[in-house]
There are 6 protein chains.
Amino acid sequence: MTTRHLTEGRHGHQPERSVRLSQTDAHGYRDWLRTGDATVLLPAGAFEQHGPHLPLGTDAILSSTIAEAVARRIGALVAEPLSYGYKSQQKSGGGNHLPGTVSLDAATVIGTTRCLVSSLLSQGVRNVVIVNGHYENYQFLYEGIDLALGDLGLGPDGDQSVLLLSYWDYVSEQTLEAVYPDGFPGWDIEHGGVLETSLMMHLHPHLVDPERFVDHPPASLPRFDRLPVVPERTPASGCLSAPRGSDAAKGRLMFEQVVTDLSAEIATETGLLSSVPEAVLRVS
Amino acid sequence: MTTRHLTEGRHGHQPERSVRLSQTDAHGYRDWLRTGDATVLLPAGAFEQHGPHLPLGTDAILSSTIAEAVARRIGALVAEPLSYGYKSQQKSGGGNHLPGTVSLDAATVIGTTRCLVSSLLSQGVRNVVIVNGHYENYQFLYEGIDLALGDLGLGPDGDQSVLLLSYWDYVSEQTLEAVYPDGFPGWDIEHGGVLETSLMMHLHPHLVDPERFVDHPPASLPRFDRLPVVPERTPASGCLSAPRGSDAAKGRLMFEQVVTDLSAEIATETGLLSSVPEAVLRVS
Amino acid sequence: MTTRHLTEGRHGHQPERSVRLSQTDAHGYRDWLRTGDATVLLPAGAFEQHGPHLPLGTDAILSSTIAEAVARRIGALVAEPLSYGYKSQQKSGGGNHLPGTVSLDAATVIGTTRCLVSSLLSQGVRNVVIVNGHYENYQFLYEGIDLALGDLGLGPDGDQSVLLLSYWDYVSEQTLEAVYPDGFPGWDIEHGGVLETSLMMHLHPHLVDPERFVDHPPASLPRFDRLPVVPERTPASGCLSAPRGSDAAKGRLMFEQVVTDLSAEIATETGLLSSVPEAVLRVS
Amino acid sequence: MTTRHLTEGRHGHQPERSVRLSQTDAHGYRDWLRTGDATVLLPAGAFEQHGPHLPLGTDAILSSTIAEAVARRIGALVAEPLSYGYKSQQKSGGGNHLPGTVSLDAATVIGTTRCLVSSLLSQGVRNVVIVNGHYENYQFLYEGIDLALGDLGLGPDGDQSVLLLSYWDYVSEQTLEAVYPDGFPGWDIEHGGVLETSLMMHLHPHLVDPERFVDHPPASLPRFDRLPVVPERTPASGCLSAPRGSDAAKGRLMFEQVVTDLSAEIATETGLLSSVPEAVLRVS
Amino acid sequence: MTTRHLTEGRHGHQPERSVRLSQTDAHGYRDWLRTGDATVLLPAGAFEQHGPHLPLGTDAILSSTIAEAVARRIGALVAEPLSYGYKSQQKSGGGNHLPGTVSLDAATVIGTTRCLVSSLLSQGVRNVVIVNGHYENYQFLYEGIDLALGDLGLGPDGDQSVLLLSYWDYVSEQTLEAVYPDGFPGWDIEHGGVLETSLMMHLHPHLVDPERFVDHPPASLPRFDRLPVVPERTPASGCLSAPRGSDAAKGRLMFEQVVTDLSAEIATETGLLSSVPEAVLRVS
Amino acid sequence: MTTRHLTEGRHGHQPERSVRLSQTDAHGYRDWLRTGDATVLLPAGAFEQHGPHLPLGTDAILSSTIAEAVARRIGALVAEPLSYGYKSQQKSGGGNHLPGTVSLDAATVIGTTRCLVSSLLSQGVRNVVIVNGHYENYQFLYEGIDLALGDLGLGPDGDQSVLLLSYWDYVSEQTLEAVYPDGFPGWDIEHGGVLETSLMMHLHPHLVDPERFVDHPPASLPRFDRLPVVPERTPASGCLSAPRGSDAAKGRLMFEQVVTDLSAEIATETGLLSSVPEAVLRVS
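This structure is a prediction, so every number in the text was calculated from the model and none was measured.

**Q** Can you help me understand helix 1 (residues 26-34) of chain A in this one?
**A** For an α-helix, 3.6 residues make a turn, and residues three or four places apart therefore share a direction. Residues and elements named next belong to chain A. Taking burial as the measure, the nine residues of helix 1 include seven buried ones, the bulk of the element. For helix 1, every residue scored as buried is listed here: Ala26, His27, Gly28, Tyr29, Asp31, Trp32 and Leu33. At the N-terminal boundary of helix 1, the capping side chain belongs to Asp25, with an oxygen 2.8 Å from the backbone nitrogen of His27. Downstream of helix 1 by a residue or two, Gly36 has a phi angle that is positive, lying close to 80 degrees.

**Q** Would you mind going over the relation of the copies chain E and chain F with me for this structure?
**A** Between the two copies of the chain lies a relationship made up of a rotation around an axis and a movement along it. Superposing chain E onto chain F requires a rotation of 180 degrees together with a translation of 0.0 Å along the rotation axis, leaving an RMSD of 0.0 Å. Look at the turn and shift together and you get a two-fold axis relating the two. Minimal C-alpha distance to the rotation axis in chain E is attained by E:Thr108, lying at 2.9 Å. With an isologous cut-off of 70% or more, the 100% of interface residues of chain E that recur at the interface of chain F puts this contact in the isologous class.

**Q** Whenever I open this one, the pattern of salt bridges confuses me. Can you help?
**A** A pair can form between side chains of opposite charge whenever their charged atoms are brought close. Overall, the coordinates contain 78 salt bridges over all chains when judged by the stated rule. Residue A:Arg212 is joined to B:Asp25 by a salt bridge in which the shortest nitrogen-to-oxygen separation is 3.0 Å. Pair noted here: A:Arg212 is in the loop between helix 7 (194-203) and strand 7 (225-227) and B:Asp25 is in the segment before helix 1 (26-34), and the two residues belong to different chains. Residue classification places A:Arg212 among the buried residues on the basis of a relative accessible area of 17%.

**Q** Please explain the packing of helix 4 (residues 106-123) of chain F against helix 5 (residues 138-152) of chain F as it appears in this structure.
**A** Working note: a packed helix pair is described by the angle between its axes plus the distance between those axes. Residues and elements named next belong to chain F. Here helix 4 crosses helix 5 at 45 degrees, and the two axes come no closer than 7 Å. The orientation of helix 4 relative to helix 5 falls into the category oblique. Relative to helix 5, the crossing made by helix 4 is right-handed. Taking contact as the criterion, the partners of Ala106, Val109, Ile110, Thr113, Arg114, Val117, Ser118, Leu121 and Ser122 in helix 4 are, on helix 5, Phe140, Leu141, Glu143, Gly144, Ile145, Leu147, Ala148, Leu149, Asp151 and Leu152. Residues belonging to the contact of helix 4 with helix 5 are distributed by class as follows: twelve nonpolar, four polar and three charged.

**Q** Just checking my understanding: could you explain the sheet that holds strand 3 (residues 127-132) of chain F for this structure?
**A** Sheet strands pair via backbone hydrogen bonds, and the direction of the pair is either parallel or antiparallel. Sheet architecture is open: five strands sit in the order 7(A)-4(F)-3(F)-1(F)-2(F), paired in mixed fashion. If you trace the sheet from one side to the other, it starts and ends with strand 7 of chain A together with strand 2 (77-78) of chain F, each paired once. Direction of pairing for strand 3 of chain F relative to strand 4 (residues 161-166) of chain F: parallel, over a ladder of six bridges. Looking at strand 4 of chain F, one finds that F:Val128 is bridged to F:Val162.

**Q** Can you walk me through the environment of F:Asp37 in this structure?
**A** Residue and element names in this part refer to chain F. Tracing the backbone through its elements, the reader meets Asp37 in the loop between helix 1 (26-33) and strand 1 (39-44). Residue classification places Asp37 among the partly exposed residues on the basis of a relative accessible area of 31%. Taking the C-alpha atoms as reference, Asp37 lies 45 Å from Pro218; in sequence the two are 181 residues apart. Within the local environment of Asp37, its side chain forms a polar contact with the side chain of Arg126, the two groups lying 3.2 Å apart.

**Q** Looking at this model, I keep getting lost on the interface of chain A and chain B. Mind explaining?
**A** Quite often, the size of an interface is put as the accessible area lost when its parts meet. Between chain A and chain B, the residue contacts involve 59 residues of the former and 59 residues of the latter. Carbon and sulfur atoms supply 60% of the area that chain A and chain B bury against each other, a total of about 4500 Å² over both sides. At the surface where chain A touches chain B, the tally comes to two salt bridges. Among the elements of the structure, helix 1, strand 4 (103-104) and helix 4 (106-123) of chain A are those that each provide at least two residues to the side of chain A that touches chain B. Broken down by element, the side of chain A that touches chain B gets its largest block of residues, eight residues, from helix 4 of chain A. Looking at the side of chain A that touches chain B residue by residue, the class counts come to 23 nonpolar, 26 polar and ten charged.

**Q** Quick question: what am I supposed to make of helix 4 of chain F here?
**A** Helix length check: helix 4 of chain F (18 residues) gives 26 Å between terminal C-alpha atoms against 26 Å at 1.5 Å per residue, within 8%. Across the 18 residues that make up helix 4 of chain F, a large majority, 15, are buried.

The rules we used
Residues numbered from 1 in each chain as written. Chains lettered and ligands numbered in written order. Predicted model: local features only at pLDDT ≥ 70, side-chain atom pairs only at ≥ 80, totals over all residues. Heavy atoms only, no water. Buried < 20%, exposed > 50% of the residue type's maximum accessible area, 1.4 Å probe, protein only. Helix = DSSP H or I, 4+ residues; strand = E, 2+ residues; numbered from the N terminus. Polar contact = N/O pair within 3.5 Å; in protein donor to acceptor, adjacent residues only side chain to side chain. Least-squares fit on C-alpha atoms with pLDDT ≥ 70 in both. Contact = heavy atoms within 4.5 Å. Salt bridge = Lys/Arg side-chain N within 4 Å of Asp/Glu carboxyl O. Axes fitted to C-alpha atoms, helices over the stretch in contact; angles between N-to-C directions. Parallel < 35°, antiparallel > 145°, perpendicular 65-115°, else oblique. Left-handed = near helix turned anticlockwise from the far one by under 90°. Nonpolar A, V, L, I, M, F, W, Y, C, P; charged D, E, K, R; others polar. Pairing = 2+ DSSP bridges. Buried area = accessible area lost by both parts, 1.4 Å probe. Expected span 1.5 Å × (residues − 1).

In structure tokens, the structure reads:
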């Protein structure tokens, strides 16, 4: 058979293989499902202010880019990202009141996840891996998965699974030490800070504006959440820690390490061979 | 003022101005909102089989591309598309049972629309324009808008509005005659047919595989919907009409005409000047 | 056995056989279900302004009357209509802001449909046919059916089905030409116009007031929906096209043709014999 | 002014004035709303087995007929009934498992009530009176009303109100003694019994079949509800008490007394004059 | 085996056996489930004003205390009570507008019940008995149970069941005559009156303040519910009938009789032996 | 004024002042609200297996006990706890599949929180503080709060607030070092471990069974969540880390430190004086 994948060359004559499921055709996809081994990565992001130097789509852009790199290594495909996420919270994202933050409520994040996981699994996808890039999403993604499995009646005895993870949980101690030589300030205030900025500088440099890096001490937020928020507790920049010290080399270090570890862990968990399904990915 | 837009050059040294809101930074966006004239286009698509020659993401790709072109003309920005849509129906999309079709239920499409419209309007966006590219979505998008307006307490006396439209309603009679010299078979079976295929050939040729064009008579479907579907009523290709006769020139003709008319109608309705907000769109 | 149907004579001494399920007794109904061939028609309408000459209940009245006529021909019974429908939209019904329009939201139309379809099918009804008389309802009825089938776990292999249709889709080209000798203006603005008015004049003349027919050009509405609506876009009468030219003869023509074609199509699809189940329908 | 009401004569040449809102036209309705005194009665029923001698629609038929009679006395109009109700419970209706019982779940009854009450009040109806005829509905109707008032922000200081009642609560002690000379068995088992049967014999004799009256002792049900039900606890007839002893005279007695008291209480509560709004009700 | 129950002695050196499930450990609970005979009582209450002499938690306190006494007799355990209930209604609880009344809406009561019943039954609990102490809850508890059974696919043929009851339905005629020598005023206005006050005086005397007993005639409420409420219809005390005449002896009489009858009825219905599972309840 | 609080003496003749809102009477509560300074603490827990040595109710017991101690210091009252929580997750609680774990879904936790917060704030409570004791709850509590504030239209300019916190976030570094001399293993696996066990040994020794302490290495769980869970990844005990090394002294140390810091932080944030409102708390 000659199933083919429809791929758009981003750079003209030298088309790169795409791992985006949205660019696959239905017949190729169907054939892939029949292998019984299809793994689909679903990136989850947000539409959220990230200070003056990063774009609003940062969370979805990063989780998508990481998912695509992992997919290439393990022979998976990447579904369209969840471009909108749960409400930004002040302690992890500055707050939902800030311009540029366009959010979904819990019911919608849960419902979207439930529908997508249910659709994919019922069509024969063996493993769905949700790669989260927006802290606030996590529990709602979890609930959506759990409800979908209930809908389908899937329990531990089957051979289908859903994995849920946030990519920063794969940054190793060693990498952290290299990226934060003066000590890691904690994931909670890593919003618009060195992690995200460096990753974007490595992966999407045109979307970062280093001239607009702010420099201020990390936000000092209480241990509780207060609602309605006290707006002044978020730095005026919208960043919870400053991007100062970010560079593409740090981004590359983190990216390579995370993609390597994440790929290995998913492959081990799902029993995926790392061989790419050539037929599906073959370009014109 | 020195607000700047973060733009990724797709072709290297000659960066094109991006109109994607996800690539704007929060501070530039905030300044734009303050003009009181911000219009945001929200493309709505689907993840749906489109036969062997078109990609699964066709509906979102087309509505996004059209929205971007309109945005350039009228000085608007484009939010990330709704990449997943309501369940494919047999009479307009072949049916939700087909592999490759990954759908949301009504509550999720309504909820997503409600949250996004509400978020955008409450931040000060003046007009939201939903550009739909998947027939089945329409009524659920409508309900989401209506609920959002209720949430915000917005009535006819305000100066904020939401427009909802499907792009094919802007194909003129004259264009139809040119594209379908043997007679227009009707929008209902234009799934995977000449309209979508020609548009894709013009706009994203790498994502179309003309060698896999099927050729079969248009689907003949009853006037009722039957559930559960009788699968055999959908042609094996998944297309409701054949793409035979599609070409990039037809796609260009439709695209230019639709973008022109759509831009004009939105500009008139919203009172938008067609001048581009340079500050927001300026590239690095 | 002597199961009997409880029938109210509308005209006193000459009782007509009733096909309304609400007038059947539970024991007769149970016996009918046991035949394995029970088909129930469920009319869906609305409570919506229809100008000064037609009653608020027009949509439910027409879909009910048509359903009853079809039921007589194919040996089915008619459940109580959905008397309230989804929000009136400006482009098809004048808008939900108009006095006299009392509407349900999407969740309620979906939920009602889901419950009723699920109840009927799980009791052993073989075919449920929803006869829609209010344009705005369609997609929400569809979702309700789809969810009910999911609840029951019914797929294509079973022998139960649900059909969904709008009665005007059964008006033939030939009939249209006879009713609109000057050209058919399109279903979208057929609200309070010649179709509905003529049908009502034929079927329920006492509910029509010809002295109050308005005469104005058809409404000219944009290709988009705008919310909040611009109220002035709806003609002051509330009709999207004028009833001028309506008469009972046209109503009779349409009614007879639609009922004939609809009955034939349903009978063919469901394999129903057209014999009436005498035992169930026998009057006292 | 010449607003007119569209009325269907049920008996041919001698048309009776209709108090059904669905038969009013939108312009007449609008004028009536402008009086500031409009009261709408909304009957709530069910679709529920009522033994072999009563029709499935009994609950909606009775609440509608009573509402119409009250409306004539107090100058109100009657909206289309809720023809389907909450699940039949074994202790008050025999149980939801019985053929012929087609029910809505709680969310749907609540949602329907919420939408209708909200629609009517926001259009300017001053008082909505829900006349319940199905025991199981009551609390869900209540919740729907409460949510609607919350949506509209209506509190005790306004002059709009919603009344909720079950018609049997208006049967007086004196009437009970006359109808049940051997002692009243209690409302809980009055399902398919003397109350409903006698009322139907008075009001809709063609819908009752006295030859099929069962005769068995009243159902003896425990003080708890058990789910899943033990089906044998419901008498095979589906009636919780036997209709023996029912007759039209008892029905007439109850009907007249209930309508009189109900009309008086509503009129007092709402300050309604009992004068009929002639313009609205004038027949052709 | 030596599974043990973790019990807190309320009075120091003489620990009483606890029947609260929350004080059991998971391993003991698991062993108990394996007997196949586990019955769990779930008390349902409210957080509702009860006049000046009774605490806000009265309904949950009473249903919990009764459930614990029943559990001791029949060898069951008691889950944590539903401490919050459905909105207080004026005719049975004074109304939801009164300070101290903190309520849940219908969807939440239904959802909570559905989750708990589903959790308990799916883990292997054989019978769940909901002991209701707040009139307004009943129908929402019922719906939650019904939905849970639907989720689990449990029908009449299985051996698991859920019982739902309100404890006052077990007060016998004889007891009523003893407690209300001047005639029983009816359950509807028994809010803050002799029943609840006497029970609390017997069971929790420290939580009752007899010096603050009000004395006023029973509330005289119409047969309808009106929303928004007319606040003046509720006596200023918040009690619908006065606690005058309450005493601990009456409380004891009612308590003993109700617990006895309730225990007997549950044991008969569920086939429970009244032997206590010693291993589970053994204290340290 | 002579408002009084109804307090149950736990130890007989020497009644302790109760800070439980459920034991307050409505009139005293109303007077307290009128001070404009009322702060209510709402403990959130779960019903979840905690190994063989701790009771199922541990999370609610601990958050309630801590909330009561804080309330005594800052002059607040404590509402009845949320005794049931969101589904136990394998990485933080062992998993929802384990016997003894009785959970709510997301919608129910959100809805309950929304209703309670809305009820309390709309009655005039100035500050609501949710003291969480079950990790999995946090985001759903947050959403419930956010929705309630939206319902009430409360924004940053008002003087009402809701605080949300988990009590373990108040364990200081210094305390951690004292409690875990060999190094703190991390909150994620502190389920049934030294923190909870020691706190229970200090606060509720009768509910802990030291003879059943398990001893095993901490659970080693992957960085992702997998659903359906792989049951073997949870230690057979149900504890994610062993309770070995727990003692009442450590519990006391943690309890005192957390209560002190939490009280100070809440008092500072809300501007509460630490004086106890004597009138409300006065015992009989």
